[in-house]
Amino acid sequence: MVSAKLLIHSSNPTTPINPSSLLNSLFNHRHPTPAATFFHPRSFQQPSRSLNAIKASVLNRRDFIADTAAAISLAPVIGLDSTSVAKADTLSEWERVLLPIDPGVVLLDIAFVPDDPAHGFLLGTRQTLLETKDGGNTWVSRSISSAEDEDFNYRFNAISFKGKEGWIVGKPAILLHTSDCGDSWERIPLSAELPGDMVYIKATGEKSAEMVTDEGAIYVTANRGYNWKAAVQETVSATLNRTVSSGIGGASYYTGTFNTVNRSPEGNYVAVSSRGNFYLTWEPGQPYWQPHNRAVARRIQNMGWRADGGLWLLVRGGGLYLSKGTGITEEFEEIPVQSRGFGILDVGYRSKEEAWAAGGSGILLKTTNSGKSWNRDKAADDIAANLYSVKK
C-alpha cells in the first residue's frame with residue numbers, strides 16, 4: 001500500500017492569508033500558534049517499500065521565519081462501505097499526532113530508509129532531527145554529537161537515502177553521512193570556499209551522492225564525500241553575466257541564488273531564479289546551466305518534473321501550467337484548478353496519472369488523469385496552515 005507524508009507549517013490561526021503576499025504574511029506573522037502536530041491515516045495499512053513522502057519546505061527558506069510546524073500522512077481509502085467512503089471524502093484520511101518539537105521549528109525535509117520503509121527521519125531548523133521506526137506513528141528527537149561540538153545552531157536543509165546509506169546537508173555548511181540506516185552519523189569535512197549554501201543532496205549509489213548549492217554549483221562524490229568533483233564549470237551568476245545579452249528577461253538583475261531547485265529521476269535539474277523572472281535547466285554532461293525565458297506573464301513560484309518526464313510550472317498568486325510534451329521546453333498550457341484564490345506552492349507525482357498539489361491556506365488538490373483535471377481534497381480546509389512542498 002502506497003503511503004505519503006505531508007508536512008505543513010501553521011500560520012496565523014485566525015487571520016486569513018493574502019494570496020498576493022503569501023510569503024510576506026508568513027514573514028511578518030508573530031501571533032501564537034498551535035503546537036506542532038503530525039497527521040497519520042485512520043485505520044489504514046502501514047507504509048510499504050513504495051512509501052512516498054510529501055514534505056514541508058519553504059520555497060524561499062533563507063527569508064522564511066516560522067512559528068510552528070506540523071505533518072500529515074496520507075494513504076488510499078481501503079475496505080470501506082459506501083457510507084464510510086462518503087464520510088472519508090468529507091474528512092479525508094488525516095489523523096493528527098503530536099510532534100516533539102518547539103513551536104519555532106520549521107520542518108524542511110523528510111526521508112525514509114528504502115531497506116526499512118517504517119524507518120524515517122524529519123529534519124529542519126534549530127538542528128532538529130526526528131526519527132520514527134513505526135512508519136510515522138511516533139517520532140523521537142535525535143541528536144548528532146558531531147554537529148553539537150561548535151556554537152552553531154545548524155539548519156538541516158535536506159536528507160536523502162539510498163539503501164542503508166544516507167546524507168544530510170545544512171547551513172552553516174555541514175555534511176553528514178550514515179552507512180547504517182541512520183543509527184550513527186559521521187561528519188564529512190567541507191571546503192570553506194564552497195560557493196553558496198547547500199540546499200539539496202541526492203544519494204545516488206554506494207558511497208555516492210550529488211549535492212547542489214543555491215548558487216548553482218553541482219558536485220558529485222563516489223567515495224563517501226571525501227572528494228567532490230564539480231559537474232558544472234561555473235556558478236549561475238557567472239553564466240548569466242556572460243549571457244545577459246541573450247535576451248533572458250531579468251538576468252541583469254539576477255541576485256545569484258535559486259528560489260527552488262528540483263531534480264528528475266534521470267538527473268536533470270530545473271531551477272527558478274530568486275526573483276521568479278526566468279528559469280534554468282541542466283542535464284548531465286552540460287558544462288553550464290541553461291537559462292530560459294518564462295512563457296507566462298506572472299513570475300514563477302516553483303517548477304518541477306512530471307512522472308512522464310515533462311515539466312510543471314506554478315506562478316505567483318495562483319496558477320498551474322503543464323509543459324507540452326516531455327523534456328525541457330518553453331511551451332506551457334494553463335490547467336484550471338480550484339485554488340480558491342490562494343497560491344499553489346508545489347506539485348508531486350506518485351505516478352504518471354496521480355499527483356498532488358499543495359498551497360496556501362490548506363489548499364490540497366489531486367489529479368488521477370495526468371493533470372488534465374484537479375479535485376480539491378478538503379482535509380486541511382479547517383487547518384490554519386500552508387501546505388508548501390510535496391516530495392515523492
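As the structure is a computational prediction, the values presented were derived from the model and not from experiment.

Rules and cut-offs
Residues numbered from 1 in each chain as written. Predicted model: local features only at pLDDT ≥ 70, side-chain atom pairs only at ≥ 80, totals over all residues. Heavy atoms only, no water. Helix = DSSP H or I, 4+ residues; strand = E, 2+ residues; numbered from the N terminus. Buried < 20%, exposed > 50% of the residue type's maximum accessible area, 1.4 Å probe, protein only. Contact = heavy atoms within 4.5 Å. Areas by Shrake-Rupley, 256 points an atom, 1.4 Å probe, with all protein chains shown as cover. Salt bridge = Lys/Arg side-chain N within 4 Å of Asp/Glu carboxyl O. Pairing = 2+ DSSP bridges. Axes fitted to C-alpha atoms, helices over the stretch in contact; angles between N-to-C directions. pLDDT = per-residue confidence, 0-100. Phe/Tyr/Trp six-rings, centres within 6.5 Å; stacked < 30°, edge-to-face > 60°. Core = buried A, V, L, I, M, F, W, Y, C linked by side-chain atoms within 4.5 Å.

Student: Outline the overall build of the protein chain, supporting the account with residue identities and numerical values.
Tutor: Summing up its helical and strand segments, the protein chain has three helices and 29 strands in all. Out of the 392 residues belonging to the protein chain, those deemed buried represent 56%. At a minimum sequence separation of 6, the contacts of the protein chain that also span at least 24 residues come to 54%. On the protein chain, roughly 16,400 Å² of surface is accessible, and the fraction owed to carbon and sulfur atoms is 47%.

Student: Tell me about the pattern of salt bridges, and name the residues and values.
Tutor: Inspection of every chain in the model, using the stated rule, returns six salt bridges. In this structure, the salt-bridge partner of Arg-263 is Glu-210, at a minimum N-O distance of 2.8 Å. With a gap of 53 residues between them, Arg-263 in strand S17 (residues 258-263) and Glu-210 in strand S14 (residues 208-213) connect regions that are remote in the sequence. One exposure class covers both Arg-263 and Glu-210, and it is buried.

Student: Describe the sheet that holds strand S18 (residues 269-273), and please don't skip the residues or the numbers.
Tutor: Reading across the sheet, the four strands line up as S17-S18-S19-S20 and stay open at both edges, with antiparallel pairing between neighbours. Since the sheet does not close on itself, it has two edges, and those belong to S17 and strand S20 (290-293), each with one partner. Across the sheet, the mean angle separating the axes of adjacent strands is 25° when strand polarity is ignored.

Student: How would you explain the environment of Arg-306 if you had to name every residue and give the values?
Tutor: Within the element layout of this structure, Arg-306 appears in the loop between strand S21 (300-305) and strand S22 (311-315). Those residues in contact with Arg-306, other than ones at most four positions away along the chain, are Leu-311, Trp-312, Leu-322, Ser-323, Gly-325 and Tyr-349.

Student: Any details on the sheet that holds strand S8 (residues 140-141)? Residues and values, ideally.
Tutor: Within a sheet, neighbouring strands are paired by backbone hydrogen bonds and run either parallel or antiparallel to one another. What the four strands build is an open sheet, ordered S5-S6-S7-S8; its pairing is antiparallel. Because the sheet does not close on itself, it has two edges, and the strands there are strand S5 (107-113) and S8.

Student: Give a description of the pairing of strand S11 (residues 174-178) that names residues and reports values.
Tutor: Of all five residues in S11, five are buried, a share of seventy percent or more. Residues Ile-174, Leu-176 and Thr-178 line one face of S11 and the alternating positions Leu-175 and His-177 line the opposite face, and both faces are buried. As defined by bridge partners, strand S10 (residues 165-171) adjoins S11 across five bridges and the pair is classed as antiparallel. Directly across from Ile-168, in S11, lies its bridge partner Leu-176. Counted along the chain from S10 to the antiparallel partner S11, the turn is two residues long.

Student: Lay out the confidence of the model for the protein chain with the relevant residues and their values.
Tutor: Chain-level statistics for the protein chain give a pLDDT mean of 76 and a share of 71% at 70 or above. Scored below 50 in pLDDT, residues 7-91 makes 251 contacts in the model with residues more than four places away or belonging to other chains.

Student: Kindly report on the environment of Tyr-154, identifying the contributing residues and their values.
Tutor: One can find Tyr-154 in the loop between S8 and strand S9 (155-162). Note: C-alpha distance between Tyr-154 and Lys-171 (17 residues apart in sequence) is 5.6 Å. For Tyr-154, the residues in contact, after removing those within four places along its chain, are Gly-124, Thr-125, Arg-126, Gln-127, Ala-147, Lys-171, Pro-172, Ala-173, Ile-174 and Arg-187.

Student: Could you give an account of the pairing of S21, naming the residues involved and the relevant values?
Tutor: Among the six residues in S21, six count as buried, and that is most of the element. Hairpin connection, S21 to S22: the antiparallel pair is bridged by five residues, and Gly-309 has positive phi, about 95°.

Student: Explain the packing of aromatic side chains to me, using residue names and the numbers behind them.
Tutor: For the structure shown, the criterion picks out eleven aromatic pairs. Residues Phe-121 and Trp-185 carry aromatic rings whose centres are separated by 5.9 Å and whose planes lie at 90° to one another, so their mutual orientation is edge-to-face. You can see Phe-121 sitting in strand S6 (residues 116-124) and its partner Trp-185 sitting in the loop between S11 and strand S12 (186-188), a full 64 residues away along the chain. We note that Phe-121, like Trp-185, is buried. Following the ring pairs from residue to residue traces out a cluster consisting of Tyr-200, Phe-258, Tyr-269, Trp-282 and Trp-289.

Student: Please provide a residue-by-residue account of the nonpolar core, values included.
Tutor: Core analysis: the largest hydrophobic core is formed by 16 residues, its most contacted members being Leu-129, Phe-156, Ile-159, Ile-168 and Trp-185. Elements represented by at least two residues in this core include exactly S5, S6, S9 and S11. If one sorts the elements of this core by residue count, S9 sits on top with three residues.

Student: Which residues make up unusual backbone geometry, and what are the values?
Tutor: Looking along the chain, the bond that leaves Lys-171 and enters Pro-172 is cis, with omega of -10°. With respect to the helices, strands and loops of the structure, Pro-172 is situated in the loop between S10 and S11. Even without being glycine, Arg-126 reaches a positive phi, approximately 55°. For Arg-126, the position within the fold is in the loop between S6 and strand S7 (129-132). Judged by relative accessible area, which is 46%, Arg-126 ranks as partly exposed. You will see that Lys-207, though not glycine, has its phi angle at about 60°, which is positive.

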